[in-house]
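# An overview of the molecular structure
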Amino acid sequence: MPIRSASARWQGNLTEGSGTIKTGKGGIQGNYSFKSRFEEGEGTNPEELIGAAHAGCFSMAFSKALADAGFTPTSVETVAKVHMDKTDAGFSVTKIDLETVGDVPGVDDGTFQKIAEDAKANCPISRLLSPGAEITLSAKLS
């Protein structure tokens, strides 16, 4: 497997500085700042990028698991809501809520839920994040 990379450049102090984040092949590039991370300012932040990575990984893992079970999905759309809280150790990602909607012909809700939970437990990004953050899942058929 190839090694993936991303980079960031920060200029200035924490509260007044700014930076850029980009993926290695240039697929995603964005500005970030104290305000985009800790307030509601314009730009992105590391937590949104973690959410994008998790949503993307889960959607792919869920699609594969559905197909492996004989249910080829038309689509799987996932939102990852990343919670960052102040803890005794400092700011930490404490929880990620995955909210997914699948258009999956022929699957019943019980089977859909079981496959979704298995995908949540086994996607590589969930395995990376679950020791330090609670991961919840809401899965719905469209």
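Here we summarise the structure given alongside this text. (Residues numbered from 1 in each chain as written. Predicted model: local features only at pLDDT ≥ 70, side-chain atom pairs only at ≥ 80, totals over all residues. Heavy atoms only, no water.)

## Concerning the nonpolar core
Selection criterion: Among buried residues, the Ala, Val, Leu, Ile, Met, Phe, Trp, Tyr and Cys ones that are joined through side-chain atoms within 4.5 Å form a nonpolar core. For every residue, the accessible area (1.4 Å probe, protein chains only) is compared with the maximum for its type, and the residue is labelled buried under 20%, exposed over 50%, or partly exposed between those bounds. A helix here means a DSSP run of H or I that spans at least four residues, while a strand means a run of E at least two residues long, and both kinds are numbered starting from the N terminus. By definition in these notes, contact holds between two residues if any of their heavy atoms fall within 4.5 Å.
Residues Phe58, Phe62, Leu66, Leu98, Val104, Phe112 and Leu137 are the most contacted members of the largest nonpolar core, which totals 21 residues. Mapped onto this core, the elements with two or more residues apiece are helix H2 (46-68), strand E4 (75-87), strand E5 (90-103), helix H3 (109-122) and strand E6 (134-141). A per-element tally of this core places H2 first, with 5 residues. For Phe112, the contacting residues outside a window of four places in its chain are Phe62, Leu66, Gly102, Val104, Val107, Ala139, Lys140 and Leu141.

## Focus: the sheet that holds strand E3 (residues 29-33)
Cut-off, in case you're wondering: Pairing between two strands is assigned when DSSP locates at least 2 bridges connecting them. Each axis is a line fitted through C-alpha atoms, and for a helix only the stretch in contact is used; angles between axes span 0 to 180 degrees, taken between their N-to-C directions.
Ordered in space as E1-E2-E3, the 3 strands form an open sheet in which the pairing is antiparallel. Whereas interior strands pair on both sides, the edge strands pair on one side only; in this sheet they are strand E1 (6-11) and E3. Neighbour-to-neighbour, the strand axes of the sheet open up by a mean angle of 20°, direction not taken into account. Where E1 lies against strand E2 (residues 18-23), 6 bridges are found, and the strand directions are antiparallel.

## Examining the side chain of Ser33
Keep this limit in mind: We define a polar contact as two N or O atoms separated by no more than 3.5 Å, with the added condition that, inside protein, one atom must be a possible hydrogen donor and the other a possible acceptor, whereas residues neighbouring each other in sequence contribute only through side-chain atom pairs.
Relative to the helices and strands, Ser33 is located in strand E3. The buried category is assigned to Ser33, whose relative accessible area is 17%. Of note is the side chain of Ser33, whose polar atom sits 3.3 Å from the backbone nitrogen of Lys35.

## Digging into the sheet that holds E6
Strand order across the open sheet formed by 3 strands is E4-E5-E6, with mixed pairing between neighbours. One side of each edge strand has no neighbouring strand; the edge strands of this open sheet are E4 and E6. Direction aside, the axes of adjacent strands within the sheet are offset by 15° on average. Sheet analysis places E4 next to E5, joined by 13 bridges and oriented antiparallel. Following the sheet pairing, Ser75 is matched in E5 by Asp103. Each of E4, E5 and E6 is contacted by H2, which is oriented at about 145° to E4, the strand it contacts most. Sitting on the sheet, H3 touches E5 and E6, and the angle it makes with E6 is about 150°.

## Some points on the packing of aromatic side chains
Going by this rule: Within 6.5 Å between ring centres, the rings of Phe, Tyr and Trp (the latter by its six-membered ring) count as paired, and their orientation is classed by plane angle as stacked under 30 degrees, edge-to-face over 60, tilted in between.
Inspection of the entire model under this criterion finds 5 aromatic pairs. Measuring from ring centre to ring centre gives 4.9 Å for Phe34 and Phe38, while their planes differ by 40°; the resulting arrangement is tilted. One end of the pair, Phe34, and the other, Phe38, are both in helix H1 (residues 34-38), 4 residues apart, so they sit about a helical turn from each other. Taking the relative accessible area as the measure of exposure, Phe38 reaches 31% and is therefore partly exposed. Three or more aromatic residues link up through ring pairs in this structure, and these residues are Phe34, Phe38 and Phe91.

## Observations regarding the packing of H2 against H3
Between two packed helices, the angle of one axis relative to the other and the distance separating the axes together describe the packing. What counts is decided by this rule: Every angle not falling under 35 degrees, over 145, or within 65 to 115 is termed oblique; those three ranges are roughly parallel, roughly antiparallel and roughly perpendicular. By definition, turning the near helix anticlockwise from the far helix through less than a right angle yields a left-handed crossing, and turning it clockwise yields a right-handed one.
One way to put it is that H2 packs onto H3 with a least axis distance of 9 Å and a crossing angle of 130°. On the basis of the axis angle, H2 is oblique to H3. Read as a crossing pair, H2 and H3 show a hand that is right-handed. Where H2 approaches H3, its residues Phe58, Ala61, Phe62, Ala65 and Leu66 are matched on the opposing element by Phe112, Ile115, Ala116, Ala119 and Lys120.

These results come straight from atomic positions and should not be treated as a statement about function.
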